[in-house]
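# Residue-level structure breakdown
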Amino acid sequence: MVSSLALSALTLLPLVSAYSKTFVVPHVDGKDDSPAVIAALADYSSDSLILFQRGVTYNLWTPINFGTLTNAEVAFEGNATYPTDIATVQAEVAKSTFPGHWLKITGTNVTLRGTSNPNWGWIDSHGQAWWDAVQQTSRPHGISFQVTNGVVKDMKLEKPVAWSFSFSGGKNIHAFNNRIHAVSNSKAFPFNTDGFAAGGTNILIENNYIQNGDDCITVGSGANGVHFRNNYCEGGHGLSIGSLGKGGAVASVQNVLFENVVMVDELYGARFKSWTGGNGLARNITWRNIVLYNVPFPIYVTQNYWDQALGPKPVTSSPNNTHIEDMLFDNFSGLQLDTPYVEGSCVSDPCWYAVANATGKEIAIFDLYTNTTTNIVARHISGIRPSDGAKQAVMCDPETIYNDVGFVCQNGAFVQTPVGYL
């Protein structure tokens, strides 16, 4: 997998020629600037640069569906602001014409970029008001980039309401040097502020700085060839596959590599989640060279995911689940948070992330169904240390796994096996 992803990364940059046209987005103080962009798209959807110029803060008070662009660039060299009023945004989201995201881009050979200037290129969604109000109705998704041969670089998102970047359905996308700053300045939690949703094909995401309150990246069904490397993740819910198989759906995820990632104050490190009763296959998935600091669940795999908001875990006799093949956790180190804590997304007792019978010292948890997993291995993970100096533990049912996973599969002490040293 490593070699194939490395080779595919060489083809990610779109073939952009010189643009024959430039549209400088006009700005009028106190007015919505989005309509001017939409009106211009008829003439600037191909071979064009759409420029939000430096020195201007644009009012994107209504969503922009850029439609299908060809050999084009959307450049945020200036700043942009969404509506500050929650009701105004909710009214837009409720419309039948809402495109699903506040900014939606499709097409071929497209670049979405900000600027390397730290003071410009920010898109402010004013999420703080939503978090303080614990308002989760009609929230806008952020940016959809469903492009073939695309680049997303130097973008900066300030307090996104929820769900930052989506690449689902995209192909050959390179996202780098982006920043997501979904950090609350009160006790309110930034719910569902996922960083990257990567459900596409041949996607390279690197050198990004993500501070948020949900998955740093989530790789969903349909993903094939996703490489997430050299990134910083803080405050969220980890490097996630899934959730997969909801409502019995047939899921497919393959050829995914997470590597060289620093994770600070995350709830999870490496995370796999599939729904009880799901179907399909997740194969050839690796987490490698992961450095943790204050992460309660360094390695967490569950095939018993459910919607905690709907009540307790459902009772099912169904043997179905999304199958797992060739899953590797390699070279994890750092501090596990194993002292009492309450993570900001906890709104119930027990918290939604509580694991029955866990001691809090488990550096790896494998919560699996029988006859659903082939070749799952954790090696070189002894560098994960509980922060209070306690002995490492694991949770693993030996009746569900038939290969050597790199440690003795039991609910108890972490005992490395020869495979764990390879």
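The paragraphs below set out a description of the structure included in this document. Everything quoted here is computed from the prediction, not taken from an experiment.

## Focus on the pattern of salt bridges
With the rule as written, the count across this model stands at ten salt bridges. Taking the shortest distance from any N to any O, the salt bridge between Glu259 and Arg288 comes out at 2.5 Å. Of this pair, Glu259 sits in strand S19 (residues 250-264) while Arg288 is found in strand S21 (residues 279-293), placing the two residues 29 residues apart along the sequence. Note on Glu259: relative accessible area 10%, which makes it buried. For Arg288, a relative accessible area of 18% translates into the label buried. A salt bridge links Lys361 to Asp338; the shortest N-O distance between them is 2.8 Å. Here the residue Lys361 occupies a position in the loop between strand S23 (323-336) and strand S24 (362-367), and Asp338 occupies one in the loop between S23 and S24, the gap between them amounting to 23 residues. Judged by relative accessible area, Asp338 falls into the buried class, the value being 8%. Ionic contacts of the salt-bridge type, sharing partners, join the residues Glu73, Glu77 and Arg113 into one network.

## A closer look at the environment of Asp330
Summarising the element assignment, Asp330 is placed in strand S23. Relative accessible area serves as the criterion here: at 8%, Asp330 is assigned to the buried category. In sequence terms Asp330 and Trp287 are 43 residues apart; their C-alpha atoms lie 6.2 Å from each other. Here the side chain of Asp330 touches Arg379 through a polar contact of 3.3 Å, side chain to side chain. One polar contact links Asp330 to His380, side chain to side chain, over a distance of 3.0 Å.

## Here we look at the state of the cysteines
Within this structure, the stated rule accounts for three disulfides. Between the sulfur atoms of Cys346 and its disulfide mate Cys351 the distance is 1.9 Å. Disulfide Cys346 to Cys351: torsion about the S-S bond roughly -85°, handedness left-handed. The partner cysteine of Cys396 in its disulfide is Cys409, sulfur to sulfur 1.9 Å. Taking the torsion about the sulfur-sulfur bond, which here is approximately -90°, the covalent link between Cys396 and Cys409 counts as left-handed. Linking Cys396 in strand S27 (residues 393-396) with Cys409 in the loop between S27 and strand S28 (412-413), this pair joins segments that are 13 residues apart in sequence. Look at Cys396 and you get buried, because its relative accessible area is 1%. Given the relative accessible area of 18%, Cys409 is considered buried.

Criteria and cut-off values
Residues numbered from 1 in each chain as written. Predicted model: local features only at pLDDT ≥ 70, side-chain atom pairs only at ≥ 80, totals over all residues. Heavy atoms only, no water. Salt bridge = Lys/Arg side-chain N within 4 Å of Asp/Glu carboxyl O. Helix = DSSP H or I, 4+ residues; strand = E, 2+ residues; numbered from the N terminus. Buried < 20%, exposed > 50% of the residue type's maximum accessible area, 1.4 Å probe, protein only. Polar contact = N/O pair within 3.5 Å; in protein donor to acceptor, adjacent residues only side chain to side chain. Disulfide = S-S within 2.5 Å.

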